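Inside the fold
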Amino acid sequence: MIKIKHININFKTKRILSNVSLRLFPGELCIMIGENGIGKTCFINTLSNMDNYTHQDWIDDKQHRGGMWWRKDRSTVFVGFQHPVEIPGIIYIHFLRLISKRNNTGNTFTNKLQKLNKFMDVDNNMLYRPMNVGFSGGEKRMFELIQMIITEPSLCFLDEPDSGLDSKKTTSISKILLGFNISNRTFLVVTHNPKLLNHLSPDSIYNLINNKVICFRKKCYA
Ligand SMILES: Nc1ncnc2c1ncn2[C@@H]1O[C@H](COP(=O)(O)OP(=O)(O)OP(=O)(O)O)[C@@H](O)[C@H]1O
């Protein structure tokens, strides 16, 4: 379990989130909602240590007491960005092979590519293009999920994985996430989309209001 207690997030002198506490259980599928600019992306970036926001935190976990283990052990964490960057010069399949090797889960790269075909309909030619260059918004989104499947993380932060997607693709994304949400894999998914919320039927919903987090939890965890 990941427990985040009383974390404050500031950008320079601006307070973005105050005194946020949150618990993520193994296998839990959580959705985070909240109005534009409230701090959802900052929150994910802070947890994944992507940005130099200042924060005070106290994070605990039974197996990794005292350590922010996901910051040290990057292989267990995946962050799906709201705005994936274009990287000319890096061919997507080379990048995927690299992250597959780095996160050695015993599954070969070929096995993972086969798994990909099971989860989603990928145009193989796109794998040989430079990363995200000229990709449509929807294609960038789908390729973020391809990275997730190849990485096989235990903790997934997804920032608006459905933004800009048509209705059919939004349904596909829900299916991919549900298919990938096995018992020990935890998801925190940011969305504004009620359709995704409905499809995923999450275990909990975190609503950011007035710089605070309000949690609605469906299941009672021991
Ligand atoms: N680098 C930065 N410089 C200045 N302000 C920033 C920076 N990064 C974040 N902020 C501010 O922090 C606040 C929270 O931004 P954040 O992107 O986390 O919002 P969000 O809840 O994800 O919004 P949305 O739903 O629109 O994506 C915003 O007011 C934003 O302008």
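Structural data are supplied above this passage.
The structure reproduced in this document is the subject of the present report. It should be emphasised that the depicted structure is a prediction, and the values quoted were computed from it without experimental measurement. (Residues numbered from 1 in each chain as written. Predicted model: local features only at pLDDT ≥ 70, side-chain atom pairs only at ≥ 80, totals over all residues. Heavy atoms only, no water.)

1. Here's the deal with the sheet that holds strand β11 (residues 212-217)
Note on sheets: strands pair through backbone hydrogen bonds, and any given pair is parallel or antiparallel. Just so we agree on the cut-off: Between any two strands, pairing holds if DSSP finds at least two bridges. Runs of E in the DSSP output that reach at least two residues are strands. Runs of H or I that reach at least four are helices, and both are numbered from the N terminus. Note on definitions: angles span 0 to 180 degrees between N-to-C directions of axes, and those axes are lines fitted to C-alpha atoms, for helices only across the stretch in contact. Any pair of residues with heavy atoms lying within 4.5 Å of one another is described as a contacting pair.
The sheet built from 6 strands is open, its strands ordered β5-β8-β9-β3-β10-β11 with mixed pairing. The two strands at the open ends of the sheet, each matched to only one other strand, are β5 (77-80) and β11. Shown here is a sheet whose adjacent strand axes are inclined to one another by a mean of 15°, direction ignored. Here β5 runs beside strand β8 (residues 155-159); their pairing, made up of 4 bridges, is parallel. Its bridge partner lying in β8, valine 77 is registered against leucine 155. Helix α1 (residues 40-47) contacts β3 (29-34), β5, β8, β9 (186-190) and β10 (204-209) of the sheet and is inclined by roughly 150° relative to β8.

2. Examining the nonpolar core
Filter applied, for reference: By nonpolar core is meant a set of buried Ala, Val, Leu, Ile, Met, Phe, Trp, Tyr and Cys residues that side-chain atoms within 4.5 Å join together. Three labels apply to residues, based on accessible area from a 1.4 Å probe with only protein chains included: buried if under 20% of the type maximum, exposed if over 50%, partly exposed otherwise in between.
Residues Met120, Met148, Leu177 and Phe187 are the most contacted members of the largest nonpolar core, which totals 34 residues. Counting only elements with at least two residues in this core, the list comes to β3, α3 (92-102), α4 (109-119), α5 (137-151), β8, α6 (167-180), β9 and α7 (194-200). Contact partners of methionine 148, with chain neighbours within four places excluded, come to Phe78, Pro153, Cys156, Leu158, Ile176, Leu177, Phe180 and Phe187. Ranked by size, the runner-up nonpolar core spans 24 residues in total, among them Met32, Ile38, Phe43 and Val77.

3. Remarks on the packing of α4 against α5
Inclusion rule: Roughly parallel covers angles under 35 degrees, roughly antiparallel covers those over 145, roughly perpendicular covers 65 to 115, and oblique covers all other angles. Each helix crossing is assigned a hand: it is left-handed if the near helix lies turned anticlockwise from the far helix by less than a right angle, otherwise right-handed if that turn is clockwise.
Where α4 contacts α5, the two axes come as close as 9 Å, and the packing angle between them is 135°. When the axis of α4 is compared with that of α5, the two are oblique. As α4 packs across α5, the resulting crossing turns out to be right-handed. Here Phe109, Lys112, Leu113, Leu116 and Phe119 of α4 come into contact with α5, specifically with Ile146, Ile149 and Ile150.

4. Quick look at the pairing of strand β2 (residues 14-24)
Two faces belong to every sheet, and in a regular strand the side chains alternate between them. Where strand β1 (residues 2-11) and β2 come together, 7 bridges link them in antiparallel fashion. Considered in β2, the bridge of isoleucine 9 is made with leucine 17. What sits between β1 and β2 in their antiparallel hairpin is a turn of 2 residues, with lysine 12 showing a positive phi close to 50°.

Note that all results are geometric; they support no functional claim without further evidence.
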